[in-house]
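Spelled out, the chains give:
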Amino acid sequence: KAVLSKRVKYEFVINRTEEEAKSKEDAWQVSGLENKNAPCLNSVTANKLINYLFDRANNRVFTPYDFHTMDALTINDVWDIGKNEVMSKIEIYPGVFQDTTMVYRMQAEEIKSLVFIEDWYYSKEPFMIFKDVIGIAPVRHYITNYGQIRKDVPFVIYFDEIKKF
């Protein structure tokens, strides 16, 4: 097989409701159709895949990398990407207020899409195209304090460390 393209990156939007994202059940399928080419993917759900990525990064089974710089990250680095500290006054007694720092961190339900990183190959006889998934990155969709919709890629995981670069 010959190289068609290296390091192809594309975003795959996960269509799930907020309730499905928060659910511990894995009823939502990535595809409602039977996958005849890869039957092992018939039981893959969005929640399973996202939990798998975070679990493997958290337990250092795979090294999480910064999506842009390719620097290795710690799990604290990953969770701090979505960290937002807000100062507010909280009423602790009637008429008595205290300054408090509220810390908001990234939530798993904010992951609304995935970036797949692949190498593409083809064969001339018979003409076929092959894709080798070498990495997956979750994409966090969130609304800023100013009401703007933003996306962050907290990390990327490469399945074969040799293929990383």
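Scroll up for the structure.
The structure reproduced in this document is the subject of the present report. Everything quoted here is computed from the prediction, not taken from an experiment.

### A word on unusual backbone geometry
For step 1, the next point in the chain: The step from Glu 125 to Pro 126 runs through a cis peptide bond, and the omega angle for that step is -20°.
For step 2, the next point in the chain: Positive phi outside glycine occurs at Arg 7, with the angle close to 55°.
For step 3, the next point in the chain: Assignment of secondary structure puts Arg 7 in strand S1 (residues 2–13).
For step 4, the next point in the chain: One non-glycine residue, Met 70, adopts positive backbone phi at about 70°.
For step 5, the next point in the chain: Mapping Met 70 onto the fold places it in the loop between strand S2 (64–65) and helix H3 (75–80).
For step 6, the next point in the chain: Met 70 gets classed as buried once you look at its relative accessible area, which sits at 16%.

### Some details on the nonpolar core
For step 1, the next point in the chain: One finds Leu 53, Phe 54, Val 78, Leu 114, Phe 155 and Ile 157 to be the most contacted residues of the largest nonpolar core, which totals 18 residues.
For step 2, the next point in the chain: Elements represented by at least two residues in this core include exactly helix H2 (46–58), H3 and strand S5 (111–123).
For step 3, the next point in the chain: With six residues, H2 is the largest single contributor of residues to this core.
For step 4, the next point in the chain: Ignoring sequence-local partners within four residues, the contact set of Phe 54 consists of Val 78, Trp 79, Met 106, Ile 111, Pro 138 and Phe 155.

### Digging into the pattern of salt bridges
For step 1, the next point in the chain: All chains considered together, the criterion is met by eight salt bridges.
For step 2, the next point in the chain: One salt bridge connects Lys 151 with Glu 11, and the closest N-O pair in it is separated by 3.1 Å. Placement of the pair is Lys 151 in strand S7 (residues 149–152) and Glu 11 in strand S1, with a sequence separation of 140 residues.
For step 3, the next point in the chain: When the shortest N-O distance is used, the salt bridge between Arg 140 and Glu 110 registers 2.8 Å. Taken as a pair, Arg 140 in strand S6 (residues 128–143) and Glu 110 in the loop between strand S4 (96–104) and S5 lie far apart in primary sequence, 30 residues in all.
For step 4, the next point in the chain: Among the residues examined, Glu 110 registers a relative accessible area of 19% and is labelled buried.

### A short note on the environment of Gln 148
For step 1, the next point in the chain: Tracing the backbone through its elements, the reader meets Gln 148 in the loop between S6 and S7.
For step 2, the next point in the chain: Judged by its relative accessible area of 38%, Gln 148 is partly exposed.
For step 3, the next point in the chain: Beyond its immediate sequence surroundings of up to four residues, Gln 148 is in contact with Tyr 142 and Ile 143.
For step 4, the next point in the chain: A polar side-chain atom of Gln 148 sits 3.1 Å from a polar atom in the side chain of Arg 150.

### A closer look at the pairing of S5
For step 1, the next point in the chain: Most of S5 sits inside the fold, with ten of its 13 residues counted as buried.
For step 2, the next point in the chain: Judged from the nine bridges that link them, S1 and S5 form a sheet pairing that is antiparallel. When the bridges of S5 are listed, Val 3 appears paired with Tyr 121.
For step 3, the next point in the chain: When S5 meets S6, the two strands line up antiparallel, connected through twelve bridges. Pairing of Leu 114 across the sheet is with Pro 138, part of S6.

### Some words on the pairing of S4
For step 1, the next point in the chain: The pairing of strand S3 (residues 84–93) with S4 spans nine bridges and is antiparallel. Looking at the pairing, Tyr 93 lines up with Val 96 of S4.
For step 2, the next point in the chain: Between the end of S3 and the start of S4, which pair antiparallel, lie two residues, with Gly 95 showing a positive phi angle near 85°.

Reading the values: rules and limits
Residues numbered from 1 in each chain as written. Predicted model: local features only at pLDDT ≥ 70, side-chain atom pairs only at ≥ 80, totals over all residues. Heavy atoms only, no water. Helix = DSSP H or I, 4+ residues; strand = E, 2+ residues; numbered from the N terminus. Buried < 20%, exposed > 50% of the residue type's maximum accessible area, 1.4 Å probe, protein only. Core = buried A, V, L, I, M, F, W, Y, C linked by side-chain atoms within 4.5 Å. Contact = heavy atoms within 4.5 Å. Salt bridge = Lys/Arg side-chain N within 4 Å of Asp/Glu carboxyl O. Polar contact = N/O pair within 3.5 Å; in protein donor to acceptor, adjacent residues only side chain to side chain. Pairing = 2+ DSSP bridges.

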